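Structural overview
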Amino acid sequence: MPMQDAGERAGNFSEVSLGYTLELAREEAARCLQCKTPTCQQGCPVEVDCKSFIRMVAEDDLEGAFKTIKETNSLPAICGRVCPQENQCEGSCKLRKTGKPIAIGRLERFVADNYYAQNSCEAIAGDEACRLIDEDLRVAVIGSGPSSLTAAGYLSTRGIKVSVFEALHEPGGVLVYGIPEFRLPKSVVHTEIETLKAQGVEFVCNHVGGPTSGISELMDKGYKAVFIGAGAGLPKFLGLSGENLIGVYSANEYLTRVNLMRGYRFPEFDTPVPRGKKVVVLGGGNVAMDAARTALRLGAEEVKVVYRRTQGEMPARREELEHALEEGVKLEILSSPLEFTGDEQGNLCSLRLQRMELGPEDASGRCKPIPVSGDEFEIDADMAVIAVGTGPNPVLINSSPELKLNERGYIQVDPHTGETSMPMVFAGGDIVTGAATVVLAMGAGRRAAREIARRLKKDAD
Ligand code: FAD
Ligand code: SF4
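Let's shift gears to unusual backbone geometry. A positive phi angle is found at Q34, which is not glycine, with a value near 50 degrees. Tracing the chain through its elements places Q34 in the loop between α2 (22–30) and α3 (40–43). Phi angles above zero are rare outside glycine, and E47 is one such case at about 55 degrees. Note that E47 resides in the loop between α3 and α4 (50–58). Note on E47: relative accessible area 51%, which makes it exposed.

Before going further, it helps to spend a moment on the site of ligand 1. With respect to spatial proximity, 33 residues lie near ligand 1, and among them V82, S147, E166, R183 and G209 are the closest. At 3.1 Å from a nitrogen atom of ligand 1 is found a main-chain nitrogen or oxygen belonging to A167. Between ligand 1 and A436, the relevant distance is 3.2 Å, taken from an oxygen atom to a main-chain nitrogen or oxygen of the residue. When isolated, ligand 1 has an accessible area of 1000 Å², and the protein chains bury 93% of it.

Let us now look at the domain arrangement of the protein. When the parts of a complex come together, some accessible area is lost, and that lost area is often used as the size of the interface. By domain assignment, the protein separates into domain 1 (6–118), domain 2 (131–233 + 391–460) and domain 3 (237–386). Taking only C-alpha atoms, the centre of domain 1 and the centre of domain 3 are 32 Å apart. Opposite the 15 residues of domain 1 that make contact, domain 3 presents 13 residues. When the two sides are added together, the surface that domain 1 and domain 3 hide from each other amounts to roughly 1100 Å², 50% of it contributed by carbon and sulfur.

What follows is about the state of the cysteines. Tallied over the entire structure, the rule returns zero disulfides. Among the cysteines around C50, which has no disulfide bond, C40 carries the closest sulfur, lying 4.4 Å off.

Before going further, it helps to examine the site of ligand 2. Residues in close proximity to ligand 2 include C32, L33, C35, P38, T39, C40, K51, I54, C93, K94, I102 and I104, which together make up its full environment. Tallied by class, residues from the shell around ligand 2 come to nine nonpolar, one polar and two charged.

Time to look at the sheet that holds strand β6 (residues 248–250). The strands making up a sheet associate through hydrogen bonds between their backbones, and the pairing can be parallel or antiparallel. If you trace the five strands from one edge of the open sheet to the other, you get β6-β13-β7-β8-β9, paired in parallel fashion. Only two strands of the sheet have a single neighbouring strand rather than two, namely β6 and β9 (330–332). Averaged over all adjacent pairs, the angle separating strand axes in this sheet is 25 degrees, with direction ignored. Summarising the sheet, strand β7 (residues 278–282) and strand β8 (residues 302–306) pair through five bridges and their orientation is parallel. Opposite L282, over in β8, you have V306 as the bridge partner. Docked against the sheet, helix α14 (residues 251–258) engages β6 and β13 (383–386), running at close to 85 degrees with respect to β6.

Here we have five strands laid out as an open sheet, ordered β3-β2-β1-β4-β15, and parallel in their pairing. Two strands in the sheet have a free side with no partner beyond their single neighbour: β3 (202–204) and β15 (425–427). Sheet twist, expressed as the mean angle between neighbouring strand axes with direction ignored, is 20 degrees. In this structure, strand β2 (residues 161–165) lies alongside β3, joined through three bridges in parallel fashion. Looking at the pairing, V164 lines up with F203 of β3.

All right, on to α14 then. Here α14 lies mainly inside the structure; six of its eight residues are buried. A251, N252, Y254, L255, T256 and V258 are the residues of α14 that are buried. Buried-residue contacts for α14 involve α11 (174–177), β5 (234–235), β6, α15 (286–297), β13 and β14 (390–391).

This paragraph deals with the packing of aromatic side chains. Tallying each qualifying case throughout the model produces five aromatic pairs. Between the aromatic rings of F66 and Y115, the centroid separation amounts to 4.1 Å while the plane-to-plane angle is 20 degrees, which identifies the pairing as stacked. Of this pair, F66 sits in helix α5 (residues 62–70) while Y115 sits in helix α8 (residues 104–118), and the two are 49 residues apart along the sequence. With respect to burial, F66 and Y115 carry one shared label: buried. Following the ring pairs from residue to residue traces out a cluster consisting of F66, Y115 and Y116. Its guanidinium or amino end placed over the ring of Y223, R138 lies 4.4 Å from that ring's centre, counting from NZ or CZ. The cationic tip of R297 hangs over the ring face of F182; the distance from NZ or CZ to the ring centre is 3.8 Å.

Our focus in this paragraph is the side chain of T68. Its place among the elements puts T68 in helix α5. Looking at T68, the relative accessible area reads 10%, which means it is buried. Beyond its immediate sequence surroundings of up to four residues, T68 is in contact with D49, S52, F53 and M56.

As a further point, take the pattern of salt bridges. Tallied over the full model, the rule gives 30 salt bridges. Residue E302 is joined to K278 by a salt bridge in which the shortest nitrogen-to-oxygen separation is 4.0 Å. One end of the pair, E302, is in strand β8; the other, K278, is in strand β7, with 24 residues separating them in the sequence. Salt-bridge contacts for R352 lead to E376; the nearest nitrogen and oxygen are separated by 2.5 Å. A residue pair is termed long-range when its members are at least 10 positions apart, and R352 in strand β11 (residues 348–361) and E376 in strand β12 (residues 367–380) qualify at 24 residues. With relative accessibility at 26%, the residue R352 sits in the partly exposed group.

Conventions adopted
- Residues numbered from 1 in each chain as written.
- Chains lettered and ligands numbered in written order.
- Predicted model: local features only at pLDDT ≥ 70, side-chain atom pairs only at ≥ 80, totals over all residues.
- Heavy atoms only, no water.
- Helix = DSSP H or I, 4+ residues; strand = E, 2+ residues; numbered from the N terminus.
- Buried < 20%, exposed > 50% of the residue type's maximum accessible area, 1.4 Å probe, protein only.
- Near = heavy atom within 4 Å.
- Polar contact = N/O pair within 3.5 Å; in protein donor to acceptor, adjacent residues only side chain to side chain.
- Areas by Shrake-Rupley, 256 points an atom, 1.4 Å probe, with all protein chains shown as cover.
- Domains from an automatic or database assignment.
- Contact = heavy atoms within 4.5 Å.
- Buried area = accessible area lost by both parts, 1.4 Å probe.
- Disulfide = S-S within 2.5 Å.
- Nonpolar A, V, L, I, M, F, W, Y, C, P; charged D, E, K, R; others polar.
- Pairing = 2+ DSSP bridges.
- Axes fitted to C-alpha atoms, helices over the stretch in contact; angles between N-to-C directions.
- Phe/Tyr/Trp six-rings, centres within 6.5 Å; stacked < 30°, edge-to-face > 60°.
- Lys NZ or Arg CZ within 6 Å of the ring centre and 35° of its normal.
- Salt bridge = Lys/Arg side-chain N within 4 Å of Asp/Glu carboxyl O.

Written as structure tokens, this is what we have:
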């Protein structure tokens, strides 16, 4: 797929991948074998009928392709950009053994982008016309990330009135506050949300489920069911000396300031954004890559990602890691932080690191990193971003003691329906599984919404 040049893109926030042209999309789709027993669909967590939509792309039937994808995937322009297709549909494509699986994600993005460009949100929503059975048949959704957007979309197209309550001032969850503009433009998420609005979904922002209104309160107000998609947005810290020095940030705070609060457009938007010259990012996942690439774009002279295992074990998507390296991000592998050190004014100056080596496999099936005795070293840094994972946000959970939690502190649900320990209260996405992926959150939202619709329709009869 055409892409911005690495040197150029490291200095701007425009999207890295530019998308297929019609010719490239046709060419790619024409490579599909149209297998008798396709394996690609099984690899997709929401079971998109890849074979059919790819055939339609090859036949120039954009509308048919879009509708085929939308049957099971409510956010195709988003999934086409951020899903780890290499482990999903493309990982299961029969052409994978040739080393050239069909680029299903890129084709999905092509279809969604072009269909949205040719049709208004109202026209698209009109196709999925909202049939209101009864104004009283109302469902509340808490949080507005991909699990919630999927649940809201599913329910609204089945004639159920949905209100989405979001704590932040803009809906979209991690899609807007976490994943940067250069990977997922805000306008793409905006289009999906506008389509939901046109479908009749109501969005109420600046509304914190729990303190502003609890679950029981929502039920008392007449909502027949509640879906909780509150995510896992509580940053984890390292508990190391110097972690509170000026210049040390959680990835959540850093990315939220830059993305949602448009810090990268300072002073046009008045969110001050930290701009380090020597930046160290701790972690090895997508969040770490996003933070590192953001720091480069904000003018850092050097960005190092510190990770305690090796490059091959980094959990970040291969494509994101490769893009980061091409742009100039450096890796400091087999290293683990020991301490942040600062100057007399409390500003971060450096990090003391421990050299690691790989030991035998641990319970996760990966080699356990073990400290190399006596091998410590220091690297200079005026900014550090901690991206070592997140936990469940306690605000809603604490205000609803009736919600049963699992041993990790996430909401416990029936795996078939998504129902929690509170009747007619459902949950899905990261607040149930812990930090996972967009498409898994969507799958959970859809599963719960299907059950809610089934029960409400039964009640309504
Ligand atoms: P979230 O997207 O977390 O949204 C939850 C929403 O609920 C938030 O808007 C929050 O403000 C709101 N909320 C929380 N508490 C309350 C409350 N009490 N009341 C009201 N609202 C509340 N996945 C991929 O598949 N591919 C990627 O490339 C990828 N990159 C990522 C990069 C970053 C920086 C991050 C942080 C995550 C990334 N992920 C990626 C993971 C993916 O984004 C998440 O798994 C997914 O967004 C989870 O969706 P969700 O619906 O559970 O909740
Ligand atoms: Fe096409 Fe690959 Fe699916 Fe076969 S498995 S239908 S080649 S995308």
